[in-house]
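Now for the letters of each chain:
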Amino acid sequence: MEKREAATTSIIRGGDSLVFAVNGERFELSTVHPSTTLLQFLRSQTRFKSVKLSCGEGGCGACVVLLSKYDPVRDEVENFGVSSCLTLVCSVDRCSITTSEGLGNSKDGFHPIHQRFSGFHASQCGYCTPGMCISLFSALVNAEKTPRAEPPPGFSKLTVSEAEKAIAGNLCRCTGYRPIVDACKSFAADVDMEDLGINSFWKKGESKETKISKLPFYNPSDQICTFPEFLKDEIRSSMQWNSKTYSWYNPFSVEQLQSMLESNLAENGTRVKLVVGNTGTGYYKEILDQYDKFIDLRYIPELSLITRDQKGIKIGATVTISKAILALKEGNNDEFHSQVFQKIADHMEKIASGFIRNTASVGGNLVMAQRNYFPSDIATILLAVGSTVNIMTDLKHYKLTLEEFLGRSPLDYGSVLFSVHIPCWEPARNGSKKSSTKLLFETYRAAPRPLGNALAYLNAAFLAEVTPCKTSNGVIIDNIQLAFGAYGTKCAIRARKVEEFLAGKQLSVNVLSEAIKLLGAIVVPEVGTSSAAYRSSLAVGFLFEFLHPLVDAFLTKPSKIISIHKQFDIENVASSLSRKLVVESNQKYYPVGEPITKAGAAFQASGEAVFVDDISSPTNCLHGAFIYSTKPLARVKGVKIRSKALQDRVAGLISVGDIPEGGDNVGAKTIFGFEPLFADDLTRFAGQRIAFVVADTQKLADLAAESALVDYDTENLEPPILTVEEAVERSSFFEVPPFLYPAQVGDFSKGMAEADHKILSAEIKLGSQYYFYMETQTSLAIPDEDNCMLVYSSSQCPEFAHSAIASCLGVSENNVRVITRRVGGGFGGKAIRAMPVATACALAANKLRRPVRTYLNRKTDMVMAGGRHPMKVTYSVGFKSNGKITALHLGILINGGFSVDISPIMPRNMIGALKKYDWGALSFDIKVCKTNHSTKSAMRAPGEVQASFIAEAVLEHVASVLSMNVDSVRNRNLHTVESLKLFYEDSAGEYFEYTLPSIWDKLAKSSCLHQRIEMIQQFNGSNKWQKRGISRVPIVHEVALRPTPGKVSILRDGSVVVEVGGIELGQGIWTKVKQMTAFALSSIQCDGTEDLLEKVRVVQADTLSLIQGGFTAGSTTSESSCEAVRLCCNILVERLYPVKNELLDKAGSVKWESLILQAHSQAVNLSTSSYYVPDFTSMHYLNYGAAVSEVEVNLVTGETKILQADIIYDCGQSLNPAVDLGQVEGAFVQGLGFFMLEEYETNSDGLVVADGTWTYKIPTIDTIPKWFNVEVLNSGHHQKRVLSSKASGEPPLLLAVSVHCATRAAIKEARKQLSCWKGLEGCDDSTIFQLEVPATMPVVKELCGLDNVECYLKSLQLSVATS
Ligand SMILES: Cc1cc2nc3c(=O)[nH]c(=O)nc-3n(C[C@H](O)[C@H](O)[C@H](O)COP(=O)(O)OP(=O)(O)OC[C@H]3O[C@@H](n4cnc5c(N)ncnc54)[C@H](O)[C@@H]3O)c2cc1C
Ligand code: FES
Ligand code: FES
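Residues numbered from 1 in each chain as written. Chains lettered and ligands numbered in written order. Predicted model: local features only at pLDDT ≥ 70, side-chain atom pairs only at ≥ 80, totals over all residues. Heavy atoms only, no water.

### Examining the overall build of the protein chain
Looking only at helices and strands, one finds 44 helices and 44 strands in the protein chain. A globule of 1363 residues ought to have a C-alpha radius of gyration of about 34 Å, and the protein chain, at 32 Å, matches this closely. The C-alpha extent of the protein chain, read off along each of the three principal axes, is 100 × 85 × 80 Å. With an accessible surface of roughly 48300 Å², the protein chain has 51% of that area assigned to carbon and sulfur atoms. For the protein chain, the separation between the mean place of its 138 positive charges and that of its 146 negative charges on side chains is 3 Å. (Helix = DSSP H or I, 4+ residues; strand = E, 2+ residues; numbered from the N terminus. Rg over C-alpha atoms; globule rule 2.2 N^0.38 Å. Areas by Shrake-Rupley, 256 points an atom, 1.4 Å probe, with all protein chains shown as cover. Lys, Arg positive; Asp, Glu negative; His and termini not counted. Charge placed at Lys NZ, Arg CZ, Asp CG, Glu CD.)

### Concerning the sheet that holds strand 5 (residues 96-98)
Consider a sheet: its strands pair through backbone hydrogen bonds, and that pairing is either parallel or antiparallel. Strand order across the open sheet formed by five strands is 2-1-5-3-4, with mixed pairing between neighbours. Both outer strands of the open sheet, strand 2 (25-29) and strand 4 (76-83), are each paired with one neighbouring strand and no more. Each neighbouring strand pair of the sheet contributes to a mean axis angle of 30°, computed without reference to strand direction. In this sheet, strand 4 lies alongside strand 3 (residues 64-71) in antiparallel orientation, the contact comprising eight bridges. The partner of Asp 71 across the bridge, within strand 4, is Glu 76. (Pairing = 2+ DSSP bridges. Axes fitted to C-alpha atoms, helices over the stretch in contact; angles between N-to-C directions.)

### A closer look at the packing of helix 19 (residues 509-522) against helix 44 (residues 1348-1362)
Following both chains from N to C, one finds helix 19 and helix 44 inclined at 150°, their axes separated by 10 Å at the closest point. Here helix 19 is positioned roughly antiparallel relative to helix 44, judged by the angle of their axes. Taken as a pair, helix 19 and helix 44 cross one another with a handedness that is left-handed. From helix 19, Val 509, Asn 510, Leu 512, Ser 513 and Ile 516 reach across to helix 44, where they touch Val 1349, Glu 1350, Leu 1353, Leu 1356 and Gln 1357. For the contact of helix 19 with helix 44, the per-class residue count stands at six nonpolar, three polar and one charged. (Parallel < 35°, antiparallel > 145°, perpendicular 65-115°, else oblique. Left-handed = near helix turned anticlockwise from the far one by under 90°. Contact = heavy atoms within 4.5 Å. Nonpolar A, V, L, I, M, F, W, Y, C, P; charged D, E, K, R; others polar.)

### Things to note about a negative patch on the surface
A surface patch of like charges, here negative, comprises Asp 1087, Glu 1090, Asp 1091 and Glu 1094. As for its placement among the helices and strands, Asp 1091 is situated in the loop between helix 36 (1069-1081) and helix 37 (1092-1095). (Patch = residues over 30% accessible without salt bridge, like charges linked within 9 Å, V, L, I, M, F, W, Y side chains within 5 Å. Salt bridge = Lys/Arg side-chain N within 4 Å of Asp/Glu carboxyl O.)

### A look at the site of ligand 1
Taken together, 36 residues sit near ligand 1, with Leu 274, Thr 279, Gly 280, Ser 361 and Asp 377 positioned nearest. Separating an oxygen atom of ligand 1 from a backbone N or O atom of Asp 377 is a distance of 2.7 Å. Between ligand 1 and Arg 445 there is a distance of 3.1 Å, counted from an oxygen atom to a side-chain nitrogen or oxygen. Look at ligand 1: alone it shows 970 Å² of surface, and the protein chains cover 97% of it. Every element with two or more residues in the shell around ligand 1 is listed here: strand 7 (272-275), helix 15 (362-372), helix 16 (377-384) and strand 13 (416-423). Residue classes in the shell around ligand 1 are distributed as 20 nonpolar, eleven polar and five charged. (Near = heavy atom within 4 Å. Polar contact = N/O pair within 3.5 Å; in protein donor to acceptor, adjacent residues only side chain to side chain.)

### Thoughts on the UniProt feature "binding site: FAD" (unreviewed entry) in the protein chain
According to UniProt, the "binding site: FAD" (unreviewed entry) feature falls on Ser 361, Val 362, Gly 363, Gly 364, Asn 365, Asp 377, Leu 417 and Arg 445. A stretch of 85 residues holds the annotated residues, and the largest C-alpha distance among them is 25.6 Å, long enough that they do not meet in one place. With respect to the helices and strands, Val 362 occurs in helix 15. Beyond its immediate stretch of four places on either side in the chain, Val 362 contacts Ile 315, Ala 317, Val 319, Thr 320, Ile 321, Ala 324, Ile 378 and Val 420. Relative to the assigned elements, Leu 417 resides in strand 13. (UniProt positions renumbered as here; feature names shortened; annotations may be inferred.)

### Some points on the packing of aromatic side chains
This model, assessed by the stated rule, comprises 45 aromatic pairs. Ring plane angle 75° and centroid distance 4.6 Å describe the contact between Tyr 283 and Trp 1254, whose orientation is recorded as edge-to-face. With Tyr 283 in helix 10 (residues 280-284) and Trp 1254 in the loop between helix 40 (1217-1237) and strand 44 (1267-1273), this residue pair connects regions lying 971 residues apart in the sequence. For Trp 1254, a relative accessible area of 28% puts it in the partly exposed group. A ring pair is formed by Tyr 1240 and Tyr 1256, whose centres lie 5.7 Å apart and whose planes are at 70°; its orientation type is edge-to-face. Of the two residues, Tyr 1240 sits in the loop between helix 40 and strand 44 while Tyr 1256 sits in the loop between helix 40 and strand 44, which places them 16 residues apart along the sequence. (Phe/Tyr/Trp six-rings, centres within 6.5 Å; stacked < 30°, edge-to-face > 60°. Buried < 20%, exposed > 50% of the residue type's maximum accessible area, 1.4 Å probe, protein only.)

### Focus on the environment of Ala 1080
Checked against the element boundaries, Ala 1080 lands in helix 36. Classification of Ala 1080 by relative accessible area gives buried; the value is 3%. On a C-alpha basis, the gap between Ala 1080 and Pro 591 in space is 9.7 Å, while along the polypeptide they are 489 residues apart. Those residues within four positions of Ala 1080 in sequence are excluded, and the remaining contacts are Arg 1126, Cys 1129 and Val 1133.

### What to know about the nonpolar core
Among the nonpolar cores identified, the biggest contains 335 residues, and Phe 117, Ile 344, Phe 484, Leu 502, Trp 919 and Ile 950 are the most heavily contacted of them. Aside from chain neighbours lying at most four places away, what touches Ile 344 is Leu 328, Ile 381, Leu 382, Val 385, Ile 422 and Phe 441. If you look at the next biggest cluster of nonpolar residues, it comprises 41 residues, including Val 592, Val 1060, Val 1125 and Cys 1128. (Core = buried A, V, L, I, M, F, W, Y, C linked by side-chain atoms within 4.5 Å.)

### Points about the UniProt feature "active site" (unreviewed entry) in the protein chain
According to UniProt, the "active site" (unreviewed entry) feature falls on Glu 1290. Aside from chain neighbours lying at most four places away, what touches Glu 1290 is Arg 940, Ala 941, Pro 942, His 1037, Gly 1114 and Ser 1115. At 2.8 Å, the side chain of Glu 1290 forms a polar contact with the backbone nitrogen of Ala 941.

### Re the pattern of salt bridges
Tallied over the entire structure, the rule returns 62 salt bridges. The residue Glu 675 makes a salt bridge to Arg 689 at a minimum N-O spacing of 2.8 Å. With Glu 675 in strand 23 (residues 673-675) and Arg 689 in strand 25 (residues 689-695), this pair connects stretches of sequence that are 14 residues apart. The two residues Glu 675 and Arg 689 agree in class, both being buried. Linking Glu 675 and Arg 833 is a salt bridge whose minimum nitrogen-to-oxygen distance equals 2.8 Å. One end of the pair, Glu 675, is in strand 23; the other, Arg 833, is in the loop between strand 31 (816-820) and helix 28 (835-848), and 158 residues separate them in sequence. The class of Arg 833 is buried, set by a relative accessible area of 5%. Because the salt bridges share partners, they merge into one network encompassing Lys 916, Glu 952, Glu 956, Arg 970 and Arg 1304.

### Concerning helix 29 (residues 858-865)
Of all the eight residues making up helix 29, seven are buried; the element is thus mostly covered by neighbouring parts of the structure. Looking at the buried side of helix 29, the elements it contacts are strand 19 (622-628) and strand 25. Where helix 29 ends, the next residue or the one after it, Gly 866, has phi of about 90°, a positive value.

### Points about the sheet that holds strand 9 (residues 306-309)
Read from one edge to the other, the open sheet built from five strands follows the order 9-10-13-11-12, with strand pairing classed as antiparallel. Two strands close off the open sheet at either side, each with one partner strand: strand 9 and strand 12 (396-401). Each adjacent strand pair in this sheet contributes to an overall mean axis angle of 20°, direction not counted. Pairing of strand 11 (residues 388-393) with strand 12 involves six bridges; the strand directions are antiparallel. Bridge pairing in strand 12 places Thr 393 opposite Lys 396.

### Things to note about a nonpolar patch on the surface
Together, Val 977, Tyr 991 and Phe 992 give the surface a local cluster of nonpolar side chains, amounting to about 320 Å² of exposed area. Relative to the elements of secondary structure, Phe 992 occurs in the loop between helix 33 (977-983) and helix 34 (996-1006).

### Some points on unusual backbone geometry
Comment: phi is negative for the bulk of residues other than glycine, and the bulk of peptide bonds are trans. The omega angle of the peptide bond from Tyr 590 to Pro 591 is 0°, so this bond is cis rather than trans. You can see Pro 591 is positioned in the loop between strand 18 (578-583) and helix 22 (601-605). Geometrically, the link from Val 1333 to Pro 1334 is a cis peptide bond, its omega value of 0° lying close to zero. By the element assignment, Pro 1334 lies in the loop between helix 42 (1297-1317) and helix 43 (1337-1345). A positive phi angle is found at Asn 23, which is not glycine, with a value near 50°. Relative to the helices and strands, Asn 23 resides in the loop between strand 1 (18-22) and strand 2.

### Structural notes on the environment of Val 524
Counting through the fold element by element, Val 524 comes out in the loop between helix 19 and helix 20 (532-552). We classify Val 524 as partly exposed; its relative accessible area is 48%. The residues touching Val 524, leaving out its near neighbours within four places in the chain, are Tyr 487 and Ser 536.

### Some points on the side chain of Asn 815
Turning to its location among the elements, Asn 815 is positioned in the loop between helix 27 (798-809) and strand 31. At 3.1 Å, the side chain of Asn 815 and the backbone oxygen of Asn 787 are in polar contact.

### Regarding the side chain of Lys 273
Of note, Lys 273 is situated in strand 7. By relative accessible area, Lys 273 is classed as buried at 14%. Within the local environment of Lys 273, its side chain forms a polar contact with the side chain of Glu 286, the two groups lying 2.8 Å apart. If sequence neighbours within four positions are ignored, Lys 273 has contacts with Asn 278, Glu 286, Leu 288, Tyr 291, Lys 293, Phe 294 and Ile 295.

As structure tokens, this is what we get:
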């Protein structure tokens, strides 16, 4: 259907206004466009900014609010979390909203949730935190309503498992989730206090009672009022409010609905939208402004009821999935039906996340499945149980089977789904009277996240009626219904041919094999579906799982059939997450070394922390959105906004032609060069910025950008360079300055000559990774007097953004000022990649002389971000028969994309991490290729993570060739002190600093590595469909300190203000700097300095106040900023000493405040700045750590569960062990995202197609290790380090390779077994293989054998035939 533009910006509702409450405040809207989301309203028209926009599609939880509804008849309030980015503001009429500020705040006191999030170190950047808090609050409020026993004082009725699930749909990119889970679990009545990790409430070893007494007290009866009395009164006094026939309709009966539809449909061209939860727009990104009228179906009783009788359960179409789950769980007199309904409910709990299910309707889901071919779970599972639906079409009512409904032509927009009926199943009903007949029912889904919030690769549900065979021990299938969906088919289907084949048959291996063969021909994804063969194999696997226990039941009593199925439950994943954390704090430099709470964590939790997009818009502010290229190389002949209506509402279209005279087309700058802000006449990669469209609101700007038409021409242009091979052919490289190109080690030819074995020219390919900071790129530019520009930027390097802006505007640098207070997650992506965003705003503001801001939508951010460098690696390695490597050569082709960015640092970074082993001799040829792809930039541990992986891949390959245990090959190739010196000339340090060997041994003990290896062998021997693997890996990670400024000022009252070059990204730099300031100033030794920590405030980075801030990158900014601050404090202490001595002589003791007052009166300069320049000889140093990870791979689905991860990481003497622990855990989890989950896919033109939360899956609480033991090692005195500390931001990310290696080990076992089934045991090289990164489910399954089920059955058939 043709899209139309919104006719007006605001639409007047009927006589009624929209009335609702937010945090107890009344809001009344008489005009609002019905397409306005609750999030848009809250963020733009209220002061409540805790509600964050991150994905805008229901996939992240940053925007969750508590929605409360009041039932005046029962005088009851219902509370549930909803995603405000999808909820329409018109649908919250007479509701109350609670946001995180509403729970508590810095003025009225924080809520225990905020306090516990803060104390458990569960907030790093803080962008996800308010949403997390509300998700937990919603769970607490609802738990209190359950009839469970009263919890002990300070706790809630919530269980540990519910506490964990409360945040199952909320994403966090910083913490790795463990501390968040701890904060949530601390409220659960059944929590084991020992299970809660490091926190600022109690000390190690304190009794359980003391611990409980120190937790911020939670009193369930002090509940926040979620529904204000005034709103209840208003509702009571006008129980039935009128919904007038304007743009938003609330029909109260079918008749009203019919007449509305009739009249609207009669009006030619009127576009009507039926709405329930509006969550469908999260997937289909419909532009709602195109609709003229909205009909909210939720008030029609027939559509919102759940009724139950002997025949089944009828669920009204507007019933939410959450309510349907509750109803299905309620139980039934018949055990089997209860089980069926329970299983349907369990499956439904994996749909989306709680805050979506709370508003998403069952009917909306089925309509999306029917009309738009949405890969629905509900359609599949209800199809298997023979459900029927009631629909109204052309104002007539019909009852159809779900199969008929799904199979008919797409429902037109005037048709309404009324209800769905799920029947009860009676064996006798189907003609069978046999009393021993059993009904079996199971549902299945394979998805990247076991707990939900991920669409399935395939889902299935099977219902079978089986009878024990009288003449043998077998089982006869009387009847079977097999439904499959979401695999790349239009709608869920019934596998009729297989059903017919199986009906009446006695189940045997042969019958099962035949059924599976038939199924293979039926479940075939449509052309173009990703991982098509994998999806088909899942269908086979699930059918096998369902029926195979029945084949085994030959020898089992028939009554056991149902319990066999329970045992085969592979989906049971929701068991509790646990961890052990060991940190040693160091008292010597108090308060440095204390695990103090992150500065600002509580107000990050309440949502009061101000990020760039939270700064109120200045008067006249405009909003911008980028128009980007979708072609890799083309002439841009023109750009225009498609519709006239939008054109008229756009304030400007800024492009290369708008760069002022004297300015340059510069978007970003690094020491290696610059990146154009906009494409000129040629666009050179898909995702390149072509123009910046500016309008009154962000929504309008986004709409205009989305609808822009770019006229391309590719005639007579050379083909773009889209692969590194093409770049080599056409010699398209970025120059790497010789001082950055690492030196080769030893003599490669000699090393090869010494080798007993060689592997030549093996290949590895590595893809990209997206930053997925929760706050996307954002900036606000405000023109100032005298041609100056003030820019707020969410940036990791404001100094460089400043310079880029000045170059673009053609002004001197003192005309520009860039301010950054905090960044909602950076991971490298807010360094260079943030600059063009700030520059574009500044350019637009400069041209239009109005403030201009932007907050990139997730899709644009993902398309433009670039991300980690993909690469192709070719290696040749020589080694001895005992596993000792003698020589390694690497040919590495790095895809740098179109602009140079920081890509020339990649060779150095890579080789730095690769040298973690003693390779004998190491030679390499590294080329950084310039291609027509988006510019690649630094992402946390850039190059190092890939290199660490390559090192392990080489060792794994060597071990496989030698049939040796990989761990012993690793052992053999770990550095000695001598080889370390050879490989790391500049950074190896003193011999005692090489802590890796002791970490390596300690970890083997603490993780019980050797016992577990044996247990795993036993497990693998006795399990066919699950295999486990374990792997221990070391890391050596080189970092370098950079010059960094600092400034400390002591105010008259003794409070202290600090500025540092480093930016607070969530990594805790402000916290460490505060600690260092307090420590360093306290050396003045006067009364009151022990409380100095409370007096220190670190303030935003301002490029005119503190120059030369540099980059916040490379893991060392915290320590170098601390050192800069220490230098300042030392100067101040020196200045204060004479004053102190004077006072001391007079009074005998000196208080800090009196000292400062006196110093002020004596005109002592109490402000100083410094520029810390690290000593060249010791600026590089090495970080060490090791990890053991154990995984379990499911051979049917390819799912990998991380059972346990143990880490020991050397932090020197940590400046703040809690902060460093958070960095270790967060980095590890981000790393496992790279190795296991995150596919940053592009199309053949290089345009990113994984452009949102639907397709890009970062780790969630159900994909992190179930057991996570981390020890932050205090390795003592390091003379040349800042107070003996070491870095923690990036190196631990490399440890995640252990998960990948463990997966490879498990797959190896699977492949050995497969060879056995194929009769190839011992005579093939199935254990030599490359495991791709990321090792997603399809990748793992493919290596375990897409046909492993078939092979197994064949082997059974063969053994039966031969026995
Ligand atoms: C983040 C996220 C993850 C999800 N994951 C899954 C998943 O894993 N598996 C799965 O099965 N689903 C999933 N869903 C889909 C979700 O179940 C549906 O979005 C939801 O059920 C739709 O219900 P709604 O009330 O919000 O519909 P709306 O968005 O209000 O409506 C959806 C469409 O149906 C029409 N419509 C709604 N009700 C009726 C009716 N009664 N008669 C006629 N037309 C109607 C509307 O006009 C609209 O076109 C996910 C959704 C989100 C946002
Ligand atoms: S912003 Fe609403 S769920 Fe992500
Ligand atoms: S703290 Fe969760 S995203 Fe940063």
